[in-house]
Amino acid sequence: MFPGIGTVLNILTIISGSVAGVFIGERLRDKTRNLITDVLGMVTILGAASAIIPLFKDGYTSMIPKGWSSMPILISLLLGGIIGSALNLEERVEMLGEYLRRKFKSEEGSFVEGFLDASLLFAIGPLAILGSISDGMGKGIDQLTLKSVLDGFASMAFASSLGWGVAASAISVGLYQGLWTIGGLFLGNVMADYQVDAMTITGGILLLAIGLRLLKVKNIPVGNLLPALFLAPFAALLFNSFI
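The paragraphs below set out a description of the structure included in this document.

Calculation criteria
Residues numbered from 1 in each chain as written. Predicted model: local features only at pLDDT ≥ 70, side-chain atom pairs only at ≥ 80, totals over all residues. Heavy atoms only, no water. Axes fitted to C-alpha atoms, helices over the stretch in contact; angles between N-to-C directions. Helix = DSSP H or I, 4+ residues; strand = E, 2+ residues; numbered from the N terminus. Parallel < 35°, antiparallel > 145°, perpendicular 65-115°, else oblique. Left-handed = near helix turned anticlockwise from the far one by under 90°. Contact = heavy atoms within 4.5 Å. Nonpolar A, V, L, I, M, F, W, Y, C, P; charged D, E, K, R; others polar. Phe/Tyr/Trp six-rings, centres within 6.5 Å; stacked < 30°, edge-to-face > 60°. Buried < 20%, exposed > 50% of the residue type's maximum accessible area, 1.4 Å probe, protein only. Expected span 1.5 Å × (residues − 1). Bend = angle between axes of the 7 residues up to and from the residue. Salt bridge = Lys/Arg side-chain N within 4 Å of Asp/Glu carboxyl O.

Comments concerning the packing of helix H4 (residues 71-87) against helix H11 (residues 227-240)
Axis separation between H4 and H11 bottoms out at 8 Å; the angle between their running directions is 140°. One element, H4, and the other, H11, form an angle in the oblique class. Judged by the sense of rotation from one axis to the other, the crossing of H4 with H11 is right-handed. Only Pro227, Ala228, Leu231, Ala232, Ala235, Ala236 and Phe239 of H11 make contact with H4, whose side of the interface consists of Met71, Pro72, Ile75, Ser76, Leu77, Leu79, Gly80, Ile83 and Gly84. Taken together, the residues that form the contact of H4 with H11 break down as 13 nonpolar, three polar and no charged.

Structure below.
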């Protein structure tokens, strides 16, 4: 096997799950597809709650000054939002989705929404980061194999409601996890556990925002908050230095 094989597997499961989901979705009524989207929104919020759990565990809180455990996350989100808004990341991601829609010759509507939400859902989370680093370091692809199975079923459900944009999210996942794989290949073990926890917690909050979008409760520009994921480990390191 070669470094990156785990991400290749992940891409294939997303595409295959999306293809199956599209053909299933074509046989469903609009009312049923909307219900599936609502269910996905609720499950995404459940996943967000799971990702935020490290915020209350000793492995993370013991590495941050007492009473300040949420501050690295808050600072990461605020600074990340400012940077993302200045760079218009949400608009750029949507433009990429629209470009891919035209390339795929897909109808307007849910393509861009499917691409954006699926890209964020599949890329955010500890398995994408830890699994890719482990793959790059040659320590196996167990985590990415698990992620691939989960993403395959999730893409099937998403695509049945949101269409071909979900399949296009495989491009984003490939680029994102590919960068982490390269990081693992050249940098080794780049982050301490509490830094990964900070990134996971921040990702959990972004997942919550995605869930609210799917439920049409609040259309939060999650794309503009993406820099927070990269700032979180450094913010945690900064606060750790005060212990």
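Topic: the packing of aromatic side chains
In the structure shown here, the tally under the stated rule is five aromatic pairs. Arranged with centres 6.5 Å apart and planes meeting at 75°, the rings of Tyr176 and Trp180 form a pair that is edge-to-face. Of the two residues, Tyr176 and Trp180 are both situated in helix H9 (residues 165-187); the distance of four residues between them amounts to about one turn of the helix. For Tyr176, a relative accessible area of 14% translates into the label buried. The class for Trp180 is buried, based on a relative accessible area of 14%. A centroid spacing of 6.4 Å and a plane angle of 70° characterise the contact between Tyr176 and Phe230, whose relative ring orientation is edge-to-face. Residue Tyr176 is located in helix H9, and its partner Phe230 is located in helix H11; the two are separated by 54 residues in the primary sequence. Exposure remark for Phe230: the relative accessible area of 43% places this residue in the partly exposed category. In this structure an aromatic cluster arises from ring pairing among Tyr176, Trp180 and Phe230.

Some details on the environment of Gly81
Checked against the element boundaries, Gly81 lands in helix H4. Residue classification places Gly81 among the buried positions, given a relative accessible area of 13%. The sequence separation of Gly81 and Ser119 amounts to 38 residues, and the corresponding C-alpha distance is 18 Å. Sequence-distant contacts of Gly81, that is, excluding residues within four places in its chain, are made with Ser76, Asn224 and Leu225.

Side note on H11
For H11, spanning 14 residues, the distance from its first C-alpha to its last is 20 Å, which sits close to the expected 20 Å at 1.5 Å a residue. For H11, the principal kink sits at Pro233 and spans about 25°. Looking at H11, one finds that the buried residues are Pro227, Ala228, Leu229, Ala232, Pro233, Ala235, Ala236, Phe239 and Asn240.

Focus: the pattern of salt bridges
Under the criterion given, the structure shown has three salt bridges. The closest approach of N and O atoms between Arg213 and Asp117, which form a salt bridge, is 3.4 Å. Here Asp117 lies in helix H6 (residues 111-123) and Arg213 lies in helix H10 (residues 193-214), a separation of 96 residues in the sequence. Exposure class is identical for Arg213 and Asp117. Each is buried. Measuring nitrogen to oxygen at the nearest pair gives 2.6 Å for the salt bridge that ties Asp151 to Lys147. Here Asp151 pairs with Lys147, and both are found in helix H8 (residues 142-162), just four residues apart, close to one helical turn. Each member of the pair, Asp151 together with Lys147, is buried. One connected set of salt bridges, linked through shared partners, spans Glu90, Asp117 and Arg213.

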